[in-house]
Amino acid sequence: MTQEQNLYLLLDSKGTALAQVRAEAPASGELWQLRVLDDRIDSVLIHKKFKLMSVTDSSPSYEGTLERSRGEQIQLRVRKTAANGTDMRKNLRVPVHFNSFIYPVNGGWRGRREVESNDLSCGGIAFFTDCSLQIGEQIEVVIPVTSEPLVVRCELLRLRPTERVSHMMYAAKFVDLCNDEETLLREAVFNLQLSGRPRPVQ
């Protein structure tokens, strides 16, 4: 197992991202030895119960209880969650604003249209546009916040309420993602979640 496959996102019991952690050895059994990355150990140690999601693949998610800590290392007693790990990842929605473009796949329009993102998850995106789109149509959207910019296909699910008078906000789900695209999106969402998480005051 590579180091990348040992990388997890550590969340508190309410699902708020706390830190990225790396399993010191291939994670197996009930007791996991984890190293907390990026000097976030203080954010972790104020909690006792955690959730764990793999950063790099769609393996099951876990729940864990803190057993002990030493330096940047923690030991958790873990078990697989009853919840579907893929659903948890898709529902981890991060507010993020970037300007981008969409392109038609099967809609009745041509060219490209400007959009502004509202939030992003591993499963989809919500964005503002001043153009009217059809629920159910498929589009391609440029995602510039991944380590390599992506153009991914989406299906428009619904309009979401917005206070903007001149814009509409659409929620869309990603479709037909390949494994590499899923990994890049997952890493971007997790990193954006952590970058917006304040550290404890020393």
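Structure's up top.
Heads up: these notes are all about the structure in this document. (Residues numbered from 1 in each chain as written. Predicted model: local features only at pLDDT ≥ 70, side-chain atom pairs only at ≥ 80, totals over all residues. Heavy atoms only, no water.)

1. Focus on the pattern of salt bridges
Throughout the structure, instances matching the rule amount to six salt bridges. Two residues, Arg79 and Glu63, come together in a salt bridge whose shortest N-O distance is 2.6 Å. Of this pair, Arg79 sits in strand E6 (residues 73-80) while Glu63 sits in strand E5 (residues 62-70), placing them 16 residues apart in sequence. For Glu63, a relative accessible area of 29% puts it in the partly exposed group. Between Glu67 and Arg77 there is a salt bridge, with the nearest N and O atoms lying 3.3 Å from each other. (Salt bridge = Lys/Arg side-chain N within 4 Å of Asp/Glu carboxyl O. Helix = DSSP H or I, 4+ residues; strand = E, 2+ residues; numbered from the N terminus. Buried < 20%, exposed > 50% of the residue type's maximum accessible area, 1.4 Å probe, protein only.)

2. Section: the packing of aromatic side chains
Counted according to the given criterion, the structure contains three aromatic pairs. Taken together, a centroid distance of 5.4 Å and an interplanar angle of 55 degrees make the contact between Tyr8 and Trp32 tilted. With Tyr8 in strand E1 (residues 7-12) and Trp32 in strand E3 (residues 31-36), the pair connects residues that are 24 residues apart, well separated along the chain. When sorted by exposure, Tyr8 lands in the same class as Trp32, which is buried. Geometry around Phe101 places Arg112 over its ring, the cationic atom sitting 3.8 Å from the centre. Sitting over the face of the ring of Phe128, Arg164 holds its NZ or CZ atom 3.8 Å from the ring centroid. (Phe/Tyr/Trp six-rings, centres within 6.5 Å; stacked < 30°, edge-to-face > 60°. Lys NZ or Arg CZ within 6 Å of the ring centre and 35° of its normal.)

3. Notes on the pairing of strand E8 (residues 99-104)
Pairing analysis gives four bridges linking E8 to strand E9 (residues 113-120), with the strands arranged antiparallel. The residue bridging Ile102 from the neighbouring strand is Arg113, located in E9. Judged from the three bridges that link them, E8 and strand E11 (residues 138-143) form a sheet pairing that is antiparallel. For Ile102, the partnering residue across the bridge sits in E11 and is Val141. (Pairing = 2+ DSSP bridges.)

4. Structural notes on the pairing of E9
Here E9 lies mainly inside the structure; six of its eight residues are buried. Inspection of the sheet shows strand E7 (residues 94-95) paired to E9 by two bridges, in the antiparallel sense. By the bridge assignment for E9, Val94 is matched with Leu120. Here E9 folds back onto strand E10 (residues 124-129), and the loop between the two strands holds three residues.

5. Structural notes on the sheet that holds E3
The sheet built from six strands closes into a barrel, its strands ordered E1-E2-E3-E6-E5-E4 with antiparallel pairing. The sheet shows a mean angle of 45 degrees between the axes of neighbouring strands, direction not considered. As defined by bridge partners, strand E2 (residues 17-23) adjoins E3 across three bridges and the pair is classed as antiparallel. If you follow Val21 over to E3, its bridge partner there is Val36. Along the sheet, helix H3 (residues 179-195) contacts E1, E2 and strand E4 (49-54); its crossing angle with E2, the most-contacted strand, is approximately 125 degrees. (Axes fitted to C-alpha atoms, helices over the stretch in contact; angles between N-to-C directions. Contact = heavy atoms within 4.5 Å.)

By themselves, these are just geometric observations and shouldn't be taken as functional.
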